[in-house]
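# Structural characterization, general
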Amino acid sequence: GVGALAAVFDIGYAHGPAASRTAWSAYAVFVLGMVGVPAASDVLSFLLAWELMAIASTVLVLADHATATPVRAATLWYAVMTHLSFLLLMAGFAVLAALAGGTSFEHLRGVFATGPAASVAFVLLTLGFGTKAGLVPMHVWLPRAHPEAPSHVSAAMSAAMVKMGVYGLLLTLQLLPNGPRWWALLLLLLGLASALYGILQASVNSDLKRLLAYSTTENVGLIVTAIGLGALLNGAGQPDVGDVATVAALLLVVSHAAFKTALFLGAGSILHVTGERDLDRLGGLVHTHPYTAASFGLGALGATALPVTSGFVAEWVLLQALVHGDGRTDRLIAVILPLSMGVVALTLGLGLLTFVKAWGIAFLARPRSERAAHPINARGSGDRSVSMIAGLLASGAVVVVLGFLAGPLSVALAGAVGVRGVASTGLLGVAFPAVGVQLEPGALTLLALALAAPFVAYNAVLARRHPRRDTALPWGCGRARTSPRFEYT
C-alpha cells in the first residue's frame, strides 16, 4: 500500500535522475524485495529478498547524486549500515541453522534452542534487524539517507522498509520462544532509548526531512517497546496483558506506515515547489498549496496520536498494556512499568511540540523567504499535479480511516499472530475483555460533534448579526508592521 501511494505521487513529483528508467526499475525491485521478505519461509530466500531490498534502495538513495553533493556521503553511510545488517543477520541465522541442521524456518522453530548459542543468535539477529529498523545506536543512517533520497523513496523506506526490521524482531521471538528475561529487557531498553532520543532530536531539528527521519526512530522505538513489553509480561505469567502489548505493536506498525507516508509525501511536495527543507525559510504555504497542508496536517495529527487517527488508537492500546501490567508480585516489573509509562508520556508531549512546530512554521504565518513567497508550481490557490494531489489526499485520508476502523483492524492483526482476547464492538470500536477496556472512536467523534454543534450555531448567528468591519490598525499588534524576520522560527 505504501509503495503504491508513493508511486502515484512520484508520477507528478519525479524529475531529473529520479525520473529515469533506472530509478523506476529500482523502485519496482525495491517493492518486490519488501514483499519477498515476509513471504520467505527459509533463511536463504529470506536473505536473498533482504539483499534485493537493500541494493535497490541503495540505488534509489543515490538517484540525485549528480545534482546534490551530500547524496554520495549519505549513500555510503546507508550502504555500509545496510550491509552490516546483512552480515549480522547471516551470522545469527548461521548459528541457528547449525543448531537445527537445516535452513527452513520450520526446522529453526523446532529447535527450541537455549543456552549461550541461542543468546548469541538472539543478540546477532536483534542487532541486524535493529539496524534496518533504525534503533539507537544503529540509527545513524536514517538522518543521513532520508533527507537526501527522493521524497517518495523516503516515504517507502520510512513507512515500509524499516518495518522489515520490526518483522524480523517478531520472527526472532517466534524462532526463539521462551528465552531468558534479559532478552525482553534488551528489547525494552533499545525501544525506550530510541523513542526518547528520536523525538528529542526531532524536536530541535529545522530540516524538515531530517526531523521526519528522527521521528521514525522514535516511532520504531515505541513499536519495539511494545514488543519487549509483550515478551516481558508473557514471561511473567501475564499473557492477557502481554497480548494487548503485542496488538499495540502491530497497530503502531500500521499507523506509522499511514501517517509517515503522508508526512514524507507532504515534505516532498514542499521541497518540489520551494526547493527548501529548512523550516526557518518556509511559511504561508497553506494559501498556495492547501492539499499539501491538509495531507501533512492529517499526518501530523496521526504522529501526535490525537483523536481519532490511527496513531491515537495505537498509542491508547500501548498505554493500556502499561496501565494493566501487574507488578505487585514482581519487583522488576513494578519498576519498569512506571518508568516506561513516563518515557512514553514524554515522547507523546515532545511529539506534539515537534509537529505543531513543523506544520505551523511550514504552512502558517507569512513566507520567510522568496522561494516560499513564490513557490514555483503554485497555480492560483491550488497544487499543480493531479497525481501528487491524489497521493497526498489518499495518504492523509488513510490516517483518519484507520482510526475509525480500530476494531476490525485490531482483530485482523491479532489473528495474524495468533493473539486472542481482542474484539470489535459498537461503531467499529475495539475491546480487550481480559483487561476490561474498550475504545469507540466512532462514538467519541459523534459525541464531539454533538458538543460542538451548539457553539458553531451560536457563532454563526453572531457573525450574521455583527458583520466583519475592516479598519486601519493604529497599532500593528506585532503583526501588521513587521517583516517575516520577526516571526517564530
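Along each chain, the written sequence defines residue order, and numbers are assigned to residues from 1. Totals for whole chains, interfaces and linings use all residues, but because this is a predicted model, local features are given only for residues with pLDDT of at least 70 and pairs of side-chain atoms are given and counted only at 80 or more. Just so you know, side-chain values use all the structure's heavy atoms and leave hydrogens and water out.

With that settled, the discussion passes to the overall build of the chain. Runs of E in the DSSP output that reach at least two residues are strands. Runs of H or I that reach at least four are helices, and both are numbered from the N terminus. A tally of regular secondary structure across the chain gives 19 helices and three strands. What the globule rule says is 2.2 Å times the number of residues to the power 0.38, and the radius of gyration is computed from C-alpha atoms. Compactness check: the chain gives a C-alpha radius of gyration of 24 Å against a globular reference of 23 Å for 489 residues, within 12% of the reference. For this analysis, residues touch if any pair of their heavy atoms sits within 4.5 Å. Within the chain, contacts between residues separated by at least 24 positions form 77% of all contacts whose residues are at least 6 apart in sequence. If you sum the accessible surface of the chain, you get close to 20,700 Å²; carbon and sulfur atoms cover 67% of it. Accessible areas in this description were obtained via Shrake-Rupley with a 1.4 Å probe; residue shielding takes into account the shown protein chains only.

Before going further, it helps to spend a moment on unusual backbone geometry. Of note, the amide linkage connecting Val136 to Pro137 takes the cis form, showing an omega dihedral of 5 degrees. Tracing the backbone through its elements, the reader meets Pro137 in the loop between α6 (116-133) and α7 (142-148). Residue Asn178 is not a glycine yet carries a positive backbone phi of 55 degrees. Mapped onto the elements of the fold, Asn178 is located in the loop between α8 (151-175) and α9 (181-204). One non-glycine residue, Ala305, lies in the positive phi region at around 60 degrees. Counting through the fold element by element, Ala305 comes out in the loop between α13 (290-303) and α14 (310-324).

Turning our eyes to something else, we now look at the packing of aromatic side chains. In this analysis, rings of Phe, Tyr and Trp, with Trp reduced to its six-membered ring, are considered paired at centre separations within 6.5 Å, and the interplanar angle assigns stacked below 30 degrees, edge-to-face beyond 60, and tilted for intermediate values. Enumeration over the complete set of coordinates arrives at 16 aromatic pairs. An aromatic cluster is present here, built from Phe46, Trp50, Phe93, Phe105 and Phe129 joined pairwise through their rings. Positioned over the ring face of Trp77 is Arg144, at 4.0 Å from the centre of the ring. The criterion is that NZ of a Lys, or CZ of an Arg, lies within 6 Å of the ring centre and within 35 degrees of the ring normal, and then a charge sits over that ring.

Before going further, it helps to spend a moment on the packing of helix α11 (residues 239-274) against α13. For helices, the fitted axis covers only the stretch in contact; all axes are lines through C-alpha atoms, and the angles between them, taken along N-to-C directions, range from 0 to 180 degrees. Two elements in contact, α11 and α13, have axes whose closest approach is 8 Å; the angle formed by their N-to-C orientations is 145 degrees. Crossing of α11 over α13 shows left-handed handedness. Taken together, the residues of α13 that come into contact with α11 (itself represented by Phe259, Ala262, Leu263, Gly266, Ala267, Ser269 and Ile270) are Thr292, Ser295, Phe296, Gly299, Ala300, Gly302 and Ala303. Think of it as three bins: nonpolar holds Ala, Val, Leu, Ile, Met, Phe, Trp, Tyr, Cys and Pro, charged holds Asp, Glu, Lys and Arg, and polar takes everything else, Gly as well. In terms of residue class, the contact of α11 with α13 is made up of eight nonpolar, six polar and no charged. Left-handed is the label given to a crossing in which the near helix is rotated counterclockwise from the far helix by less than a right angle, and right-handed is the label when the rotation is clockwise.

To continue, consider the pattern of salt bridges. By definition here, a salt bridge exists when the distance from a side-chain nitrogen of Lys or Arg to a carboxyl oxygen of Asp or Glu is within 4 Å. Scanning all chains against the criterion turns up seven salt bridges. Salt-bridge contacts for Arg277 lead to Asp207; the nearest nitrogen and oxygen are separated by 2.8 Å. Note that Arg277 is positioned in the loop between α11 and α12 (285-288) and Asp207 in the loop between α9 and α10 (208-235), a separation of 70 residues in sequence. Classification of Asp207 by relative accessible area gives buried; the value is 11%. The partner of Glu276 in a salt bridge is Arg281, with the nearest N and O atoms 2.8 Å apart. For the exposure calls, accessible area comes from a 1.4 Å probe over protein chains only, and a residue counts as buried if that area is under 20% of its type's maximum, exposed if over 50%, partly exposed in between. The partly exposed category is assigned to Arg281, whose relative accessible area is 37%.

Okay, the side chain of Thr274 next. The residue Thr274 is located in helix α11 in this model. Polar side-chain contacts of Thr274 include one of 2.7 Å to the backbone oxygen of Ile270. Between N or O atoms, a polar contact is any pair within 3.5 Å; within protein, one atom must be a potential hydrogen donor and the other a potential acceptor, and residues adjacent in sequence are included only when both atoms are from side chains. Of note is the side chain of Thr274, whose polar atom sits 3.1 Å from the backbone nitrogen of Glu276. Those residues in contact with Thr274, other than ones at most four positions away along the chain, are Leu282, Leu285, Arg371, Ala372 and Pro375.

Among buried residues, the Ala, Val, Leu, Ile, Met, Phe, Trp, Tyr and Cys ones that are joined through side-chain atoms within 4.5 Å form a nonpolar core. Ranked by size, the top nonpolar core spans 135 residues in total, and within it Phe30, Phe46, Trp50, Phe93, Trp141, Leu229 and Phe432 carry the most contacts. The element contributing the most residues to this core is α11, with 18 residues. In this structure, Trp50 is in contact with Val37, Ser85, Phe86, Leu89, Phe129, Lys132, Met164 and Gly165, ignoring residues within four places of it in sequence.

Expected span, for any helix, means 1.5 Å times one less than how many residues it has. For helix α19 (residues 441-465), spanning 25 residues, the distance from its first C-alpha to its last is 36 Å, which sits close to the expected 36 Å at 1.5 Å a residue. Bending is quantified residue by residue as the angle between axes fitted to the seven-residue window ending at that residue and the seven-residue window starting at it. Its axis deflected by about 30 degrees at Ala452, α19 carries its strongest bend there, up to four residues before the proline Pro454. Within α19, burial applies to Pro441, Gly442 and Thr445. Residues of α19 that are buried sit in contact with α14, α17 (386-404), α18 (406-416), β2 (429-432) and β3 (437-439).

Moving on to the environment of Gly268. The residue Gly268 is located in helix α11 in this model. Separated by 120 residues in sequence, Gly268 and Met388 have C-alpha atoms that sit 9.7 Å apart. Excluding its chain neighbours within four sequence positions, the residues that come into contact with Gly268 are Phe9, Tyr13 and Ser151.

To continue, consider α17. The end-to-end C-alpha separation of α17 is 27 Å, in line with the 27 Å expected for 19 residues at 1.5 Å each. Residues of α17 that are buried: Ser387, Met388, Ile389, Gly391, Leu392, Ser395, Gly396, Val399, Leu402 and Gly403. Close packing links the buried residues of α17 with α1 (2-13), α11, α13, α14, α18 and α19.

This part covers the sheet that holds β2. By this definition, two strands are paired if DSSP reports at least two bridges between them. Ordered by their spatial adjacency, three strands build an open sheet running β1-β2-β3, and the pairing between neighbours is antiparallel. With one partner strand each, in any of the chains shown, β1 (423-425) and β3 form the two edges of the open sheet. Taken over all neighbouring pairs, the strand axes of this sheet differ in orientation by 25 degrees on average, direction set aside. Relative to β3, β2 runs antiparallel, the two sharing three bridges. Looking across to β3, one finds that Phe432 is bridged to Val437. Sheet contacts for α14: β2 and β3; angle to β3, the most-contacted strand, approximately 170 degrees.

A few words now on the side chain of Lys260. Relative to the helices and strands, Lys260 resides in helix α11. Within the buried set, Lys260 has no salt-bridge partner at all; the shortest N-O distance to an opposite charge, 6.4 Å, is to Glu218. The residues contacting Lys260, other than those within four sequence positions of it, are Ser158, Ala159, Leu212, Ser215, Thr216 and Asn219. Charge counting follows a simple rule: Lys and Arg are positive, Asp and Glu are negative, and His as well as the terminal groups are ignored.

Turning to the packing of α11 against α14, a few remarks are in order. Viewed as axis vectors pointing N to C, α11 and α14 meet at an angle of 160 degrees, and their least axial separation amounts to 8 Å. Between α11 and α14, the crossing angle belongs to the class labelled roughly antiparallel. Like other packed secondary-structure pairs, α11 and α14 cross with a definite hand, here left-handed. Mapping the contact onto sequence places Val241, Val244, Ala245, Ala248, Leu251, Leu252, Ser255 and Ala258 in α11 and Ser310, Gly311, Val313, Ala314, Glu315, Val317, Leu318, Gln320, Ala321 and His324 in α14. By residue class, the composition of the contact of α11 with α14 is twelve nonpolar, five polar and one charged. In these notes the angle categories are as follows: under 35 degrees is roughly parallel, over 145 is roughly antiparallel, 65 to 115 is roughly perpendicular, and the rest is oblique.

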